[in-house]
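# Inside the fold
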Amino acid sequence: NAGVMQNPRHLVRRRGQEARLRCSPMKGHSHVYWYRQLPEEGLKFMVYLQKENIIDESGMPKERFSAEFPKEGPSILRIQQVVRGDSAAYFCASSPGTDQPQHFGDGTRLSIL
Amino acid sequence: AQSVAQPEDQVNVAEGNPLTVKCTYSVSGNPYLFWYVQYPNRGLQFLLKYITGDNLVKGSYGFEAEFNKSQTSFHLKKPSALVSDSALYFCAVRTNDYKLSFGAGTTVTVRA
């Protein structure tokens with residue numbers, strides 16, 4: 001039973017490029033959450049999605065960041081026109097319901113040159 | 001606002017000794033509390049949770065946590081630490097139906 005799968009594990013982008021981070025939830029999980037971990041800090045909530053719906057994006061920066069969880073395929077976190085401050089580890093988690101523990105992927109470490 | 005605090009950045013113990021990682025919480029209403037562990041370059045692994053019931057919660061890998069309402073604490077404990085327990089530990093509180101708010105983390109080093 002595969003866990004939460006994130007790819008790529010490492011992503012390097014130059015300033016101004018786009019970054020796409022993918023997350024496939026655990027089988028049977030329809031709730032997806034994205035968190036960001038800045039160096040020397042804990043994880044910060046970004047967005048919560050269910051299939052084809054954004055439920056809560058209160059933790060997402062207002063510009064350049066977007067997320068989706070289509071009917072088919074993985075959830076995507078998209079960062080347009082990346083800047084140095086976007087360098088972080090981005091973690092995806094999933095759960096079968098909101099009352100169940102969230103299970104995390106191994107993250108995507110984004111580096112901006 | 002619902003939040004947790006981990007007062008210690010680092011905890012160092014010798015293998016075989018008891019391990020305690022501290023966490024205090026600030027919530028309105030009943031707290032839903034969690035402990036996660038993160039190994040280098042990996043995601044967070046769920047250890048245990050407290051929702052209601054017994055104040056002593058048992059989790060994975062021999063860890064347990066004690067919920068103390070009067071002290072608003074939820075300390076993680078292990079009676080006998082292993083070198084392989086060396087990792088980064090996060091306490092978290094569920095702030096609404098789904099959102100987790102994490103502490104800053106505590107780095108545990110267990111020396112042989």
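Below you will find a few notes about this structure. (Residues numbered from 1 in each chain as written. Chains lettered and ligands numbered in written order. Predicted model: local features only at pLDDT ≥ 70, side-chain atom pairs only at ≥ 80, totals over all residues. Heavy atoms only, no water.)

### Things to note about the overall build of chain B
- Counting its secondary structure elements, chain B contains 0 helices and 12 strands.
- Ordering the α and β elements of chain B from the N terminus gives β-β-β-β-β-β-β-β-β-β-β-β.
- The C-alpha atoms of chain B give 13 Å as radius of gyration, which agrees with the globular expectation for 112 residues (13 Å, within 12%).
- Along the first, second and third principal axes, the C-alpha set of chain B runs to 40 × 30 × 20 Å.
- Across the 112 residues in chain B, those meeting the buried criterion constitute 45%.
- Across chain B, the fraction of contacts at a sequence separation of at least 24, relative to all contacts at a separation of at least 6, is 53%.
- Positive and negative charge centroids in chain B, built from 10 and 8 side chains respectively, lie 4 Å apart. (Helix = DSSP H or I, 4+ residues; strand = E, 2+ residues; numbered from the N terminus. Rg over C-alpha atoms; globule rule 2.2 N^0.38 Å. Buried < 20%, exposed > 50% of the residue type's maximum accessible area, 1.4 Å probe, protein only. Contact = heavy atoms within 4.5 Å. Lys, Arg positive; Asp, Glu negative; His and termini not counted. Charge placed at Lys NZ, Arg CZ, Asp CG, Glu CD.)

### Quick word on the interface of chain B and chain A
- In this assembly, 19 residues from chain B lie in contact with 20 residues from chain A.
- Where chain B touches chain A, the interface holds 2 salt bridges.
- Note that Arg42 of chain B and Asp106 of chain A form a salt bridge whose closest N and O atoms lie 3.1 Å from each other.
- At the boundary of chain B with chain A, the tally comes to 10 residue pairs in polar contact (both at pLDDT 80 or more).
- For the side of chain B that touches chain A, the secondary structure elements donating two or more residues are β5 (33-38), β6 (44-50), β10 (87-94) and β11 (100-102) of chain B.
- For the side of chain B that touches chain A, the per-class residue count stands at 9 nonpolar, 5 polar and 5 charged. (Salt bridge = Lys/Arg side-chain N within 4 Å of Asp/Glu carboxyl O. Polar contact = N/O pair within 3.5 Å; in protein donor to acceptor, adjacent residues only side chain to side chain. Nonpolar A, V, L, I, M, F, W, Y, C, P; charged D, E, K, R; others polar.)

### What to know about the environment of Gln45 of chain B
Residue and element names in this part refer to chain B.
- By secondary structure assignment, the location of Gln45 is in strand β6.
- Overall, the relative accessible area of 24% leaves Gln45 in the partly exposed class.
- The spatial distance from the C-alpha of Gln45 to the C-alpha of Leu33 is 14 Å, given a sequence separation of 12 residues.
- In terms of polar contacts, Gln45 uses its side chain to reach the side chain of Tyr61, at 3.1 Å.

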